[in-house]
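Geometric and topological summary
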Amino acid sequence: MESGLTSIQPSTQFQLITNTMDMIVAISGASGRTGYRIAEEALDRGQTVRLLVQPASKLPPSLSGCDTRRLNFSHLPQLVEALQGCHGLVIATGARPSANLLGPFQVDTQAVQQQVKACKEAGVARVVLVSSLCSGQLWHSLNLFGLILMCKGWGEQALERSGLDWTIVRPGGLKEEETALEQKELVVSGANTQQQGSIPRRLVARYCLECLSTPSTIHQVLEITSKPRRP
Ligand SMILES: NC(=O)c1ccc[n+]([C@@H]2O[C@H](COP(=O)([O-])OP(=O)(O)OC[C@H]3O[C@@H](n4cnc5c(N)ncnc54)[C@H](OP(=O)(O)O)[C@@H]3O)[C@@H](O)[C@H]2O)c1
């Protein structure tokens, strides 16, 4: 048994929280464009959120009253403390485009590895990771930015090998659009089945929360894009 986990098996532990109102959902990268939407959607569902962000991260006004933990993600004890008492974590951190070609390794690999370790130590058994279509692929133009797809693949591996109740969500190209979302339908498939396509970040946010509360998505890699709903 990993340190920090109780004698209850992880999946059982999560399912005991039958009322989502009782759940404390941690969201890392909540200052990001997907992360803040995950937090907003969780609040809409009546869930209690805890935002894990960097010391200088900027949050939108909609999240101003939330329990917010500012920390250095490379400092394991800070992460463990921030996660204490949470029932699940949605990881929405990701390297922002920059001239730092080590960014993807530092964020999409190392910061994810750290969060996985911290979940095990803090006894947070349920984790949803926002990754990317084509994660783990070497021959892809997106890798011009610090081998980002390889880095995401290594981050995913850490989670898959963790013993936690994980779900990996791999969205296509992320869009800012917020209108007419009801006219879109999700295309969801298993690992390495979609190569292209896009999806509004708001729909990714909703899907991650669906996964968090759906035990059948545990130990699944799910690729998601969206398309116009058929009339
Ligand atoms: N862009 C796309 O089309 C696309 C497609 C598929 C998947 N994805 C992935 O989907 C996820 C969400 O993307 P997004 O565009 O919505 O995110 P985003 O707006 O770029 O936000 C990234 C988040 O990660 C945080 N972050 C960056 N470096 C960090 C570090 N060293 N330690 C801790 N937190 C750090 C940022 O914090 P600060 O606010 O402090 O910078 C921010 O909260 C990412 O993993 C991204 O790679 C993106």
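Structural data are supplied above this passage.
In this report, we go over the structure that sits alongside the text. (Residues numbered from 1 in each chain as written. Predicted model: local features only at pLDDT ≥ 70, side-chain atom pairs only at ≥ 80, totals over all residues.)

1. Digging into the site of the ligand
For the ligand, the set of nearby residues contains 24 residues, the closest of which are S31, G32, T34, S57 and G94. Looking at the shell around the ligand, the elements with two or more residues in it are α4 (103–122) and β7 (173–175). Residue contributions to the shell around the ligand peak at 3 residues, all from α4. In the shell around the ligand, the residues fall into 9 nonpolar, 12 polar and 3 charged. (Near = placed C-beta within 6 Å. Helix = DSSP H or I, 4+ residues; strand = E, 2+ residues; numbered from the N terminus. Nonpolar A, V, L, I, M, F, W, Y, C, P; charged D, E, K, R; others polar.)

2. So, the nonpolar core
Core analysis: the biggest nonpolar cluster contains 59 residues, and I27, L83, V90, L129, V169 and C208 have the highest contact counts within it. Counting residues per element, this core draws most heavily on helix α6 (residues 201–212), at 8 residues. (Core = buried A, V, L, I, M, F, W, Y, C linked by C-beta atoms within 7 Å. Buried ≥ 20, exposed ≤ 12 C-beta atoms within 10 Å, placed from the backbone.)

3. Regarding helix α3 (residues 76–83)
Where α3 is concerned, the buried positions are L79, A82 and L83. Projected down its long axis, α3 carries its buried residues within an arc of 95°, all on one side. Close packing links the buried residues of α3 with β1 (24–28), β2 (48–53), β3 (67–70), β4 (88–91) and α4. Remark: G85 follows α3 within two positions and exhibits a positive phi of approximately 85°. (Arc of directions from axis to C-beta. Contact = placed C-beta atoms within 7 Å.)

4. Focus: unusual backbone geometry
If you check the backbone angles, C134 has positive phi at about 70° while not being a glycine. Residue classification places C134 among the buried positions, given that 23 C-beta atoms sit within 10 Å. We note that A180 has phi near 55°; this positive angle belongs to a residue other than glycine.

5. Here's the deal with the environment of C211
In this fold, C211 is placed in helix α6. By C-beta crowding, C211 is classed as buried, having 24 other C-beta atoms within 10 Å. Sequence separation of C211 and S198 is 13 residues, and the distance between their C-alpha atoms is 19 Å. If near-sequence neighbours (up to four positions away) are discounted, C211 is found in contact with V128, T167, V169 and T217.

6. Details of the sheet that holds β1
Within the open sheet, the 8 strands sit side by side as β3-β2-β1-β4-β5-β6-β10-β8. Their pairing is mixed. With partners counted over all chains shown, the strands left at the sheet margins are β3 and β8 (184–189), one partner each. In this sheet, adjacent strand axes meet at a mean angle of 20° when their direction is disregarded. The pairing of strand β5 (residues 126–130) with strand β6 (residues 165–171) spans 5 bridges and is parallel. Bridging across to β6, V130 finds its partner in V169. Across the face of the sheet, α4 comes into contact with β1, β4 and β5 while running at roughly 180° to β4. (Pairing = 2+ DSSP bridges. Axes fitted to C-alpha atoms, helices over the stretch in contact; angles between N-to-C directions.)

7. Some thoughts on the packing of α4 against helix α5 (residues 148–160)
Taken N-terminus to C-terminus, the directions of α4 and α5 make an angle of 5°; their axes are 8 Å apart at the nearest point. The pairing of α4 with α5 is recorded here as roughly parallel in orientation. Touching P104, F105, D108, T109, V112, Q113 and V116 of α4 are I148, C151, K152, W154, G155, A158 and L159, all from α5. Taken together, the residues of the contact of α4 with α5 break down into 9 nonpolar, 3 polar and 2 charged. (Parallel < 35°, antiparallel > 145°, perpendicular 65-115°, else oblique.)

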